[in-house]
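So you can see what is in the structure, the chains are spelled out below.
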Amino acid sequence: MAWITRFLMAVAFLAVRIIFSPETFRSKSNGPNSSNLSTFIKLAHLLSFSTARGIALWVTFIGGIIMFKNLPRHQFGNLQNKMFLAYFSLVGVYCAIAMAAFGYLHPWKSATMADKYQLGFLV
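*Asks:* Describe the overall build of the chain, listing the residues and the values that go with them.
*Replies:* The secondary structure content of the chain amounts to 4 helices and 0 strands. Listed by position from the N terminus, the elements making up the chain come as α-α-α-α. Across the 123 residues that make up the chain, the buried fraction comes to 24%. A separation of at least 24 residues holds for 64% of the contacts in the chain among residues at least 6 apart in sequence.

Here is the structure:
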């Protein structure tokens, strides 16, 4: 379980690096490939935000309640102890990708006041 957490963290840091520095792969945001880059970042934002939301809703309202009602107290505690690290890591990684993509698509200097509030609340 620990290797998958480290792998996901490495992938997340690589994704954030690519998002904040698109020139790494020769795709400048003002060049002819800017629409492709923008589409990719919008897709990354949508997928990461929806995956984080889905994981949070499932673990909180469906999986957690079913486990609480059907497992003995000590087994439930042990299972939650093991699941929490993976759950928290995945949600953290996906939220960081969503926030980085939103920040890239709405730069601070050219963002509207609503975008600035939204990015501030995400941080």
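*Asks:* Would you mind going over the environment of Met-99 in detail, with residue names and values included?
*Replies:* Structurally, the position occupied by Met-99 is in helix H3 (residues 73–105). Looking at Met-99, the relative accessible area reads 28%, which means it is partly exposed. Sequence separation between Met-99 and Phe-49 is 50 residues, and the spatial gap between their C-alpha atoms is 8.5 Å.

*Asks:* Break down the packing of aromatic side chains for me, citing the residues and quoting the values.
*Replies:* Counted by the stated rule, this structure contains 3 aromatic pairs. Centroid distance Phe-84 to Phe-88: 5.7 Å. Interplanar angle 20 degrees. Geometry classified as stacked. Here the residue Phe-84 and the residue Phe-88 both occupy positions in helix H3, the gap between them amounting to 4 residues, near one helical turn. Site record: aromatic cluster; members linked through ring pairs are Phe-84, Tyr-87 and Phe-88.

*Asks:* Which residues make up H3, and what values do they have?
*Replies:* Residues spaced three or four apart along an α-helix point in a common direction, a consequence of the helix completing one turn every 3.6 residues. Here H3 spans 46 Å end to end across 33 residues, near enough to the 48 Å set by a 1.5 Å rise per residue. Residues Phe-76, Ala-86, Tyr-87, Ser-89, Val-91, Val-93, Ile-97, Ala-98, Ala-100, Ala-101, Phe-102 and Tyr-104 constitute the buried set of H3.

Thresholds applied
- Residues numbered from 1 in each chain as written.
- Predicted model: local features only at pLDDT ≥ 70, side-chain atom pairs only at ≥ 80, totals over all residues.
- Heavy atoms only, no water.
- Helix = DSSP H or I, 4+ residues; strand = E, 2+ residues; numbered from the N terminus.
- Buried < 20%, exposed > 50% of the residue type's maximum accessible area, 1.4 Å probe, protein only.
- Contact = heavy atoms within 4.5 Å.
- Phe/Tyr/Trp six-rings, centres within 6.5 Å; stacked < 30°, edge-to-face > 60°.
- Expected span 1.5 Å × (residues − 1).

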